[in-house]
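Commentary on secondary and tertiary structure
Now for the letters of each chain:
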Amino acid sequence: MGGHVHIGEVATRTELSLRTIRHYEEVGLVVPSARTRGGFRLYTEADIARLMVIRRMKPLGFTLDQMRELLTATDRLDAPEPLDPGERATLLGVLADFERAAQQRCDDLRVQLARAEEFAATLAARLPTD
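Let me begin by describing the structure that accompanies this report. (Residues numbered from 1 in each chain as written. Predicted model: local features only at pLDDT ≥ 70, side-chain atom pairs only at ≥ 80, totals over all residues. Heavy atoms only, no water.)

Looking only at helices and strands, the protein chain has five helices and three strands in total. Counted from the first residue to the last, the protein chain has its helices and strands arranged as β-α-α-β-β-α-α-α. Relative to the globule expectation of 14 Å for 130 residues, the C-alpha radius of gyration of the protein chain, 20 Å, shows a markedly less compact shape. Dimensions along the principal axes, computed over C-alpha positions, put the protein chain at roughly 65 × 45 × 20 Å. Burial status across the protein chain gives 25% buried among its 130 residues. Here the protein chain has roughly 8900 Å² of accessible surface; of this, 56% comes from carbon and sulfur atoms. (Helix = DSSP H or I, 4+ residues; strand = E, 2+ residues; numbered from the N terminus. Rg over C-alpha atoms; globule rule 2.2 N^0.38 Å. Buried < 20%, exposed > 50% of the residue type's maximum accessible area, 1.4 Å probe, protein only. Areas by Shrake-Rupley, 256 points an atom, 1.4 Å probe, with all protein chains shown as cover.)

Moving on, we come to the side chain of Glu25. Its location among the elements puts Glu25 in helix 2 (residues 18-26). With a relative accessible area of 18%, Glu25 lands in the buried category. When neighbours within four sequence positions are excluded, Glu25 is seen to be in contact with Val30, Pro32, Arg35, Arg41 and Tyr43. (Contact = heavy atoms within 4.5 Å.)

Take the pattern of salt bridges next. Throughout the structure, instances matching the rule amount to 11 salt bridges. A salt bridge links Arg13 to Glu9; the nearest nitrogen and oxygen atoms lie 3.5 Å apart. Placement of both Arg13 and Glu9 in helix 1 (residues 7-14) is noted, with a separation of four residues, approximately one turn of the helix. Under the relative-accessibility criterion, Arg13 is labelled partly exposed at 36%. Using a relative accessible area of 39% as the deciding quantity, one classes Glu9 as partly exposed. Through salt bridges that share partners, Glu9, Arg13 and Glu45 make up one connected network. (Salt bridge = Lys/Arg side-chain N within 4 Å of Asp/Glu carboxyl O.)

Let us look at the packing of helix 3 (residues 45-57) against helix 4 (residues 64-78). At a closest axis distance of 11 Å, the pairing of helix 3 and helix 4 adopts a crossing angle of 140 degrees. Between helix 3 and helix 4 lies a crossing of right-handed hand. Together, Arg50, Val53, Ile54 and Met57 of helix 3 and Gln66, Met67, Leu70, Leu71 and Asp75 of helix 4 make up the contact between the two elements. Partitioned by chemical class, the residues of the contact of helix 3 with helix 4 number six nonpolar, one polar and two charged. (Axes fitted to C-alpha atoms, helices over the stretch in contact; angles between N-to-C directions. Left-handed = near helix turned anticlockwise from the far one by under 90°. Nonpolar A, V, L, I, M, F, W, Y, C, P; charged D, E, K, R; others polar.)

Next up on the list: unusual backbone geometry. Even without glycine at this site, Glu15 takes up a positive phi of about 60 degrees. Mapped onto the elements of the fold, Glu15 is located in the loop between helix 1 and helix 2.

This part takes up helix 1. Buried within helix 1 are the following residues: Ile7, Val10, Ala11 and Thr14. The arc that holds every buried residue of helix 1, seen down its axis, measures 100 degrees, which confines them to one face. The positive-phi residue at the C-terminal boundary of helix 1 is Glu15, with phi of around 60 degrees. (Arc of directions from axis to C-beta.)

Pasting the structure below:
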């Protein structure tokens, strides 16, 4: 298979369900690099890395359109053909915006986690210690 893996292995490695991977394919976020003669999806390491980006964006609340925007920018930056300086600057600006948004969402989640832990500790303190 020349470096290709089946969707089941991709699901195991990414901790995404088969249904989720297929959904991301349906909405155009990831495309299997190949198919077997029987039509089974085959993925490369690059496809798996792409799915990991999506998986990391999801819990931060990024939308499918935002995921698509970031992936389009990174695809263009990673393309073998050279970019003109203006396009490169624009794409790096997109990446910087997403990095700032991700950092802000992580900060927000830390606050939520601290509040949840405080609440759990308050409940635990009310329980008998016998």
